[in-house]
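Structure assessment
Single-letter residue listing:
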Amino acid sequence: MKAIVATDLTAGTAGMKLVELPEPRAAINDVVVQVHAAGFVNTELEWPSTWADRAFRDRTSSILGHELAGVVTALGYGTTGLSIGQRVFGLADWHRDGILAEYVAMEARNLAPLPGDVDFTVGASLPISGLTAWQGLFQHGRIKAGQSVLAHGAAGAVGSMVAQLAREAGAYVIGTGRAADRQKALDFGANEFLDLAKDTLEDVGGVDLVFDVIGGDVQKRSATLVRAGGILVTVVGPTDIRPADGLAVDFVVEADRAQLSEIVQRIRDGRLRTNIGKVSSLDDAIGTFNSTDRRAGKTVVRVRP
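Residues numbered from 1 in each chain as written. Predicted model: local features only at pLDDT ≥ 70, side-chain atom pairs only at ≥ 80, totals over all residues. Heavy atoms only, no water.

1. Remarks on helix 4 (residues 157-168)
Across its twelve residues, helix 4 extends 17 Å between first and last C-alpha, which sits within 8% of the 16 Å expected from 1.5 Å per residue. With ten of its twelve residues buried, helix 4 lies for the most part within the structure. As for helix 4, its buried residues are in contact with helix 3 (127-140), strand 9 (148-151), strand 10 (172-177), strand 12 (207-212), helix 7 (257-269) and strand 16 (298-302). Trailing helix 4 by a residue or two, glycine 170 shows a phi angle of about 95°, which is positive. (Helix = DSSP H or I, 4+ residues; strand = E, 2+ residues; numbered from the N terminus. Expected span 1.5 Å × (residues − 1). Buried < 20%, exposed > 50% of the residue type's maximum accessible area, 1.4 Å probe, protein only. Contact = heavy atoms within 4.5 Å.)

Below, the structure written as structure tokens:
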């Protein structure tokens, strides 16, 4: 099968290679999925799990990517809850070979059924962005109706999900980003927009929840805006800065079948829209990942036409 692997820790996306590998086999509690569409996050090349397994053993060259939509083709011993021929989507384990390939073996529990009226490309765009937004808002942020949310990168793949889900939950959403992103952020649910390059962040005033996807100085300044009892949620690693009278939570997104089902149902009934940018074939994917063009939305690789 064709697969894209990471070959050099220091080379970034330039170290990717398209190679031929044997098709994987399903272990206990695994399924094999024929991948139809896949998502990829560039920062994956910086994650320790890309280069080592849980026992810290080197696993170069590893197959990249962790978001997928496809069809189950084989079941491992003891696997329940899914069937051969079923359409699925989900989030593959960080420490195992990923999904930028024609087939992947992964734990069945990390997959959810993909309804027949949802395209594979849409399904592959949802797991990281949708689950990150869901878990950051509802599990870690404990968002409630009537609260205010400062959603950084509100026109991006994760931020647009944050804005939509927060708005649906009854929150007032202040989106941030570049000036060119203003209308897109508003279209995805932000009540108002702040240009991080020109506007003064502190003019936002107090908020109940900050959802940070940027880090650095923006994260530090945002922490001062959190009201008493509020929460700063971040996905860019541990933070030394904490709100004076609130909490700071950093987290790594996890696969969750029930949450995936909630997310895809919102796609079906129109409460949630995915933010898809460039769609590439597997053969052209490495060139797409190495492009210097600014990414607008989620890059999806269409593995099967």
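2. Things to note about the pairing of strand 12
For strand 12, the tally of buried residues reaches six of six residues, placing the bulk of the element in the interior. Bridge count between strand 9 and strand 12: three bridges; the pairing is parallel. Looking at the pairing, alanine 151 lines up with phenylalanine 211 of strand 12. The handedness of the strand 12 to strand 13 (residues 226-234) crossover, carried by helix 6 (residues 216-223), is right-handed. (Pairing = 2+ DSSP bridges. Right-handed = clockwise from strand over helix to strand, strands pointing away.)

3. Concerning the packing of helix 3 against helix 7
Between helix 3 and helix 7, whose axes approach to 10 Å, the crossing angle comes to 110°. One finds that helix 3 runs roughly perpendicular with respect to helix 7. Contact residues: helix 3 offers Pro127, Gly130, Leu131, Trp134, Gln135 and Gln139, while helix 7 offers Gln259, Leu260, Glu262, Ile263 and Arg266. Per-class residue counts for the contact of helix 3 with helix 7 are five nonpolar, four polar and two charged. (Axes fitted to C-alpha atoms, helices over the stretch in contact; angles between N-to-C directions. Parallel < 35°, antiparallel > 145°, perpendicular 65-115°, else oblique. Nonpolar A, V, L, I, M, F, W, Y, C, P; charged D, E, K, R; others polar.)

4. Some remarks on unusual backbone geometry
At the junction of threonine 60 and serine 61, the peptide bond is cis and its omega measures out at 5° in the coordinates. One can find serine 61 in the loop between helix 1 (48-51) and strand 4 (62-63). A positive phi angle, near 70°, is found at asparagine 29, a position not held by glycine. For asparagine 29, the position within the fold is in the loop between strand 2 (16-20) and strand 3 (30-39). Judged by its relative accessible area of 39%, asparagine 29 is partly exposed.

5. Let's talk about the pattern of salt bridges
In this structure the tally under the stated criterion is 16 salt bridges. Across the pair aspartate 119 and arginine 302 runs a salt bridge whose closest N-O atoms are separated by 3.0 Å. Here aspartate 119, found in the loop between strand 8 (111-113) and helix 2 (120-124), pairs with arginine 302, found in strand 16; they are 183 residues apart in sequence, far enough to count as distant. Among the ionic pairs, glutamate 202 bridges to arginine 221, the shortest N-O distance being 3.0 Å. Taken together, the residues glutamate 202 in the loop between strand 11 (192-195) and strand 12 and arginine 221 in helix 6 connect sequence positions 19 residues apart. Each of Glu168, Glu262, Arg266, Asp269 and Arg271 takes part in one network of salt bridges that share partners. (Salt bridge = Lys/Arg side-chain N within 4 Å of Asp/Glu carboxyl O.)

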